[in-house]
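Residue-level listing of the chains:
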Amino acid sequence: EPGGQSTIRIRGGTSLNASNEPLYVIDGVPIDNSAFNPGGLSSGRNPLNFINPNDIESFTILKDASAAAIYGSRAANGVIIITTKKGKSGAPVVTYDGWVSSGSIADRIDVFNADQFREIIAAKAPKHLGRLGTSYTDWQDEIYQNAVGQNHSLTIAGGTDKFGYRASVGYQDQEGIIRTSETKRTTFSMSLNQKVLDDDLDITVNLKGSRTNDRFSPGVVGAAMEMDPTQPILDPTSPWGGYFVWKNEAGEYERQATINPVSSLNMIEEYGTSNRSIGNIQLDYKNRPIPGLSANVNLGYDVANGDRERFQPSKYFAVAADSGEIKIENYTRLSQLLETYLNYKREIIEHLEIDAVAGYSWQNFKSKYPSLRATRLTDDSYGVNNPSIANKVEVFNSVLENRLISFFGRINLNFMDRYLLTASLRGDGSTRFSPETRWGTFTSAAFAW
């Protein structure tokens, strides 16, 4: 599924009912990596969809306990640190990167064709021969397609010894191998870095944004494998949109039968739009009076909003007879970050180097999930702007907010570039817990030779 949710596991799963996803940190900003997956709609989207892969400079995985512990409890599933590209000294350089792709399913489930199916029914259940059709339908052929994709990226970068810049725009259009599924994404990225105060202060600004439009396909793979290959796709006498459906002896839709997968693809429409932006400004000050000491301040944000719409016409037979449905859900998520720390790195005695960090972090999360669901019998004329004519209207609104405050410290000792000792301490306070149990302390230590 194009743009579908990815699954990354570092050292396996750590929880039975909580998330096992790692913590993602992009240019110093820990992001909300939960995919939007509203109830009753299709699967969630990849939380990293908003990044253009051409903008990524490095991809680092912190999997060892001592390395990940600097991020506290959130690092229980490991940490993935993504650093994007920055501008470099030199004349402006314009770069274009693009590709076109074609994809198809690698292998299909081996099922009986129409003649084989007739032979089996004749041998095992001859009393049902009258229910077989005269068609030769390969249902897997009807739901799959050759998926065409294209990707384009345009970048300009350059700078001087004291100033660097980089900006890029990207566009991707990717079809899925299941018909009707598609994702389109437009991205923008900008990075600026400036040195001032005799190069003692380094200012870095990062800004990324994206807009993604999705067309979701309903789950039809199982139905394509189970559907009777002797039946046609269309039935001119069918009151259910003109598609073949299984009927009982009374001529009513048989609810226990397999649903015609082609009717699901063509009659159910589900779309999603998501916008996301992440940015930060980072100040790194080198203290000359105390050699080896530097201070860092990082202010960042991560904001996302989007909506999902699903339309099921009244003639679709998967629900109660002559029942249509429209479902609209939208969401907004905002994360704000303030992080500051002191770093001291110096050789304190011969062959012994120390690298110590002490800092404070504040991050606030707020999510809002309003939704609207409207159902109306026999009539598809109702719309988003006039839900009052629907037979049933449900409106939900959920606002969630929590805050994480942390104090952390880490010390690395390097003796003769041979013996390495690391120790870290972090205290996390989360509003998800009661005041009596709000704070937790996390420690780690490691030795290497």
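Here, the structure is the one placed above.
Everything quoted here is computed from the prediction, not taken from an experiment. (Residues numbered from 1 in each chain as written. Predicted model: local features only at pLDDT ≥ 70, side-chain atom pairs only at ≥ 80, totals over all residues. Heavy atoms only, no water.)

Enquirer: Any chance you could break down the overall build of the protein for me, citing the residues and the numbers?
Expert: When helices and strands are tallied, the protein shows five helices and 16 strands. A globule of 449 residues ought to have a C-alpha radius of gyration of about 22 Å, yet the protein, at 28 Å, is considerably larger. In the protein, buried positions account for 42% of the 449 residues. Summarising the internal contacts of the protein: among those between residues at least 6 apart in sequence, 68% fall at separations of at least 24. (Helix = DSSP H or I, 4+ residues; strand = E, 2+ residues; numbered from the N terminus. Rg over C-alpha atoms; globule rule 2.2 N^0.38 Å. Buried < 20%, exposed > 50% of the residue type's maximum accessible area, 1.4 Å probe, protein only. Contact = heavy atoms within 4.5 Å.)

Enquirer: Please provide a residue-by-residue account of the packing of aromatic side chains, values included.
Expert: Under the defined criterion, the tally for this structure stands at six aromatic pairs. Both rings, one in Tyr 360 and one in Phe 407, keep their centres 5.2 Å apart while their planes meet at 55°; by these two values the pair is tilted. Taken together, the residues span a long stretch of sequence, with Tyr 360 in strand β13 (residues 352–377) and Phe 407 in strand β14 (residues 392–415) at a distance of 47 residues. Since its relative accessible area comes to 25%, Tyr 360 is described here as partly exposed. Among the aromatic residues, those joined into a cluster by ring pairs are Tyr 360, Phe 407 and Trp 439. (Phe/Tyr/Trp six-rings, centres within 6.5 Å; stacked < 30°, edge-to-face > 60°.)

Enquirer: Describe helix α2 (residues 114–124), naming the residues involved and giving the relevant values.
Expert: Looking at α2, one finds that the buried residues are Ala 114, Arg 118 and Ile 121. For α2, the angular spread of buried residues about the axis comes to 65°, placing them on one side. α2 presents Glu 119, Ala 123 and Lys 124 as exposed residues on the side facing more than 90 degrees away from its buried surface. If you check the start of α2, you find a side-chain oxygen 3.2 Å away from the backbone N of Asp 115, and it comes from Asn 113. (Arc of directions from axis to C-beta. Polar contact = N/O pair within 3.5 Å; in protein donor to acceptor, adjacent residues only side chain to side chain.)

Enquirer: How would you summarise the sheet that holds strand β3 (residues 56–62) if you had to cite specific residues and measurements?
Expert: Where strands meet in a sheet, backbone hydrogen bonds hold them as pairs that are either parallel or antiparallel. The strand order across the open sheet formed by four strands is β2-β1-β4-β3, and the pairing between neighbours is mixed. A strand with exactly one partner marks an edge of an open sheet, and here the two such strands are β2 (29–30) and β3. For strand β1 (residues 23–26) and β2, the ladder comprises two bridges, and the chain directions are antiparallel. Within β2, the position partnered with Ile 26 by the bridge is Val 29. (Pairing = 2+ DSSP bridges.)

Enquirer: Tell me about unusual backbone geometry, and please be specific about residues and values.
Expert: Unusually for a residue other than glycine, Leu 197 sits at a positive phi of about 55°. Tracing the backbone shows Leu 197 in the loop between β8 (182–196) and β9 (201–216). On the accessibility criterion, Leu 197 (53% relative accessible area) is exposed. Positive phi is not limited to glycine here, since Asp 198 has a value of about 55°.

Enquirer: Describe the pattern of salt bridges, with residues and values.
Expert: Overall, the coordinates contain 13 salt bridges when judged by the stated rule. We note a salt bridge from Asp 199 to Lys 162, for which the minimum N-O separation is 2.7 Å. Of this pair, Asp 199 sits in the loop between β8 and β9 while Lys 162 sits in the loop between β6 (147–159) and β7 (163–175), and the two are 37 residues apart along the sequence. Its relative accessible area of 35% is what places Asp 199 among the partly exposed residues. Taken together, the shared-partner salt bridges in this structure form one network comprising Asp 27, Lys 86 and Lys 208. (Salt bridge = Lys/Arg side-chain N within 4 Å of Asp/Glu carboxyl O.)

Enquirer: Tell me about the pairing of β7, residues and numbers included.
Expert: When β6 meets β7, the two strands line up antiparallel, connected through eleven bridges. Paired with Gly 158 across the two strands is Tyr 165, which belongs to β7. Taking the residues that link successive antiparallel strands as the turn, the β6-β7 hairpin has three residues. Both β7 and β8 contribute to a ladder of 13 bridges, which runs antiparallel. The residue of β8 that forms the bridge with Arg 166 is Ser 191. Linkage of β7 to β8, two consecutive antiparallel strands, is achieved through a turn of six residues, within which Thr 180 is found at a positive phi near 80°.

Enquirer: Tell me about the nonpolar core, and please be specific about residues and values.
Expert: Trp 139 and Ile 143 are the most contacted members of the largest nonpolar core, which has 17 residues in total. Taken together, the elements giving at least two residues each to this core come down to α3 (139–143) and α5 (261–267). Top contributing element to this core by residue count: α5, with three residues. Sequence-distant contacts of Ile 143, that is, excluding residues within four places in its chain, are made with Ile 177, Ile 178, Arg 179, Val 220, Val 221, Ala 224, Pro 261 and Leu 265. Within the second largest apolar cluster, twelve residues are counted, among which are Ile 10, Ile 31, Phe 50 and Ile 51. (Core = buried A, V, L, I, M, F, W, Y, C linked by side-chain atoms within 4.5 Å.)

Enquirer: Describe a nonpolar patch on the surface, and please don't skip the residues or the numbers.
Expert: Side chains of Val 94, Tyr 96, Leu 154, Ile 156, Val 169 and Phe 188 sit close together on the surface and give an oily, nonpolar patch of about 560 Å² of accessible area. As for its placement among the helices and strands, Phe 188 is situated in strand β8. The class of Phe 188 is partly exposed, set by a relative accessible area of 37%. (Patch = residues over 30% accessible without salt bridge, like charges linked within 9 Å, V, L, I, M, F, W, Y side chains within 5 Å. Areas by Shrake-Rupley, 256 points an atom, 1.4 Å probe, with all protein chains shown as cover.)

Enquirer: Can you tell me about the side chain of Thr 187, naming the residues and giving the values?
Expert: Assignment of secondary structure puts Thr 187 in strand β8. Judged by relative accessible area, Thr 187 falls into the buried class, the value being 6%. Excluding anything up to four places from it in sequence, Thr 187 contacts Phe 50, Asn 52, Ser 168, Val 169, Gly 170, Gly 209 and Ser 210.

Enquirer: Please give an account of a negative patch on the surface that cites residues and values.
Expert: There is a patch of like negative charges on the surface, built from Glu 347, Glu 350, Glu 353 and Asp 417. On the secondary structure map, Glu 347 appears in strand β12 (residues 323–349). (Lys, Arg positive; Asp, Glu negative; His and termini not counted. Charge placed at Lys NZ, Arg CZ, Asp CG, Glu CD.)

Enquirer: Now, about the environment of Asp 115: what can you tell me, with residues and values included?
Expert: Structurally, Asp 115 can be placed in helix α2. Sequence spacing of Asp 115 and Ser 135 is 20 residues, and the spatial spacing of their C-alpha atoms is 9.8 Å. A polar side-chain atom of Asp 115 sits 3.2 Å from a polar atom in the side chain of Arg 118.

Note that every value here comes from positions in space, so none of it alone points to a role or purpose.
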